[in-house]
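Chain and residue survey
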Amino acid sequence: VQLQAFGGGLVQAGGSLRLSCVASGSIFSSNVVGWYRQAPGKQRELVAAITRGGFTNYADSVKGRFTISRDNAKNTAYLQMNSLKPEDTATYYCNAGGSRYESGPIWGQGTQVTVSS
């Protein structure tokens, strides 16, 4: 398995969750890592992405609420999600090999985030 995502769950609106994406070293070391999400009936969309050097990009809908980070020594990327809203409910996927604006070819399995109102 090249990418594994963890940390989803059920949370009330206004709450927080932290997602983790663990990658094999060869994937993580030189690649942009991104978080994407897909809600039922909707297209998969970019949530946030981060370069190895720490440059980031966020969807407008999550700016100020979500923070993406990475620990290169641990081959792990994180998505801290605060002030969650019901519209954040989706399956969240981590991705590698793309850019800050487009996904790459490497996907992890999804982790479900459900925000209740």
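Scroll up to find the structure.
Residues numbered from 1 in each chain as written. Predicted model: local features only at pLDDT ≥ 70, side-chain atom pairs only at ≥ 80, totals over all residues. Heavy atoms only, no water.

1. Remarks on the environment of A59
Residue placement: A59 occurs in the loop between β6 (56-58) and β7 (66-71). In sequence terms A59 and A48 are 11 residues apart; their C-alpha atoms lie 6.2 Å from each other. Leave out the neighbours within four places in its chain, and A59 touches L46 and V47. (Helix = DSSP H or I, 4+ residues; strand = E, 2+ residues; numbered from the N terminus. Contact = heavy atoms within 4.5 Å.)

2. A look at the packing of aromatic side chains
In total, this model carries two aromatic pairs according to the counting rule given. Consider the rings of Y36 and W107, whose centres lie 5.2 Å apart with planes at 70 degrees: the pair is edge-to-face. Placement of Y36 in strand β4 (residues 32-38) and of W107 in strand β10 (residues 106-107) is noted, with a sequence separation of 71 residues between them. Here Y36 falls in the buried class, since its relative accessible area comes to 7%. The exposure class assigned to W107 is partly exposed, which follows from its relative accessible area of 33%. Note that R44 overlies the ring of Y93, its terminal NZ or CZ placed 3.8 Å from the centroid. Cation over ring: R44 sits above W107, and NZ or CZ is 4.5 Å from the ring centre. (Phe/Tyr/Trp six-rings, centres within 6.5 Å; stacked < 30°, edge-to-face > 60°. Buried < 20%, exposed > 50% of the residue type's maximum accessible area, 1.4 Å probe, protein only. Lys NZ or Arg CZ within 6 Å of the ring centre and 35° of its normal.)

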